[in-house]
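The residues making up each chain are set out below.
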Amino acid sequence: DKTALNKYVRQLLILARLRNQLPNIIQNELGNMGTIGYDIEQDELYLKGKKKGEIRGEIRGEIRGEIRGEKKAQIRFALACLTDGLSIEKTAKLTGLSEEQVQKLKDEMEAE
């Protein structure tokens, strides 16, 4: 009876969601018993997880952007310090860059 089969399939889908398993597993287990039309992209748990992932991605992107911006500001400040004649040690201390990084910047400035 198809009605009973559909009832059991719905119950299995609910159980699968509760155990965080994909409903496709149930569909594969049914094999020749019939096909189930189920769009995972409309599933409530799928949509919740997708939204959570998007939020995490946005936060990571913002953090990376802030870090890049801070690094660029450090480099600009270091270049200004070196242009004004400050030592590598003093420039490193003021900017938070390592002495090796400041030396590299100075070498690049002199090469230009």
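Our subject is the structure listed above.
These numbers were taken from a predicted model, which means no experiment stands behind them. (Residues numbered from 1 in each chain as written. Predicted model: local features only at pLDDT ≥ 70, side-chain atom pairs only at ≥ 80, totals over all residues. Heavy atoms only, no water.)

J.: In this structure, what is going on with a negative patch on the surface? I would like to understand it.
T.: Among the surface-exposed residues, Glu54, Glu58, Glu62, Glu66 and Glu70 lie close enough to one another that they form a single negatively charged patch. Tracing the chain through its elements places Glu70 in helix α3 (residues 44–83). (Patch = residues over 30% accessible without salt bridge, like charges linked within 9 Å, V, L, I, M, F, W, Y side chains within 5 Å. Areas by Shrake-Rupley, 256 points an atom, 1.4 Å probe, with all protein chains shown as cover. Salt bridge = Lys/Arg side-chain N within 4 Å of Asp/Glu carboxyl O. Lys, Arg positive; Asp, Glu negative; His and termini not counted. Charge placed at Lys NZ, Arg CZ, Asp CG, Glu CD. Helix = DSSP H or I, 4+ residues; strand = E, 2+ residues; numbered from the N terminus.)

J.: I tried to follow the nonpolar core on my own but got confused; where do I start?
T.: Grouped burial of nonpolar side chains is what soluble globular proteins tend to show. By size, the foremost hydrophobic cluster in this structure holds 7 residues: Ala78, Leu82, Ile88, Ala92, Leu97, Val102 and Leu105. Secondary-structure elements contributing two or more residues to this core are α3, α4 (88–95) and α5 (99–111). Beyond its immediate sequence surroundings of up to four residues, Leu82 is in contact with Thr91, Val102, Leu105, Lys106 and Met109. (Core = buried A, V, L, I, M, F, W, Y, C linked by side-chain atoms within 4.5 Å. Buried < 20%, exposed > 50% of the residue type's maximum accessible area, 1.4 Å probe, protein only. Contact = heavy atoms within 4.5 Å.)

J.: Got a minute to help me understand α3 in this structure?
T.: For an α-helix the count is 3.6 residues per turn, leaving residues at separations of three or four pointing the same way. Compared with the 58 Å implied by 1.5 Å per residue over 40 residues, the 59 Å span of α3 between its first and last C-alpha is a close match. Packing partners of the buried residues in α3 comprise α4 and α5. You can read the cap of α3 off the contacts: a side-chain oxygen lies 3.0 Å from the backbone nitrogen of Leu45, and it is on Asp43. One or two positions beyond α3, positive phi appears at Gly85, with a value near 95°. (Expected span 1.5 Å × (residues − 1). Polar contact = N/O pair within 3.5 Å; in protein donor to acceptor, adjacent residues only side chain to side chain.)

J.: Looking at this model, I keep getting lost on the packing of α4 against α5. Mind explaining?
T.: In the contact formed by α4 and α5, the axes pass within 9 Å of each other and the chain directions differ by 115°. As for how α4 packs across α5, the hand of that crossing is right-handed. Taking contact as the criterion, the partners of Ile88, Glu89, Thr91, Ala92 and Thr95 in α4 are, on α5, Glu99, Val102, Gln103 and Lys106. Of the residues in the contact of α4 with α5, the class split is 3 nonpolar, 3 polar and 3 charged. (Axes fitted to C-alpha atoms, helices over the stretch in contact; angles between N-to-C directions. Left-handed = near helix turned anticlockwise from the far one by under 90°. Nonpolar A, V, L, I, M, F, W, Y, C, P; charged D, E, K, R; others polar.)

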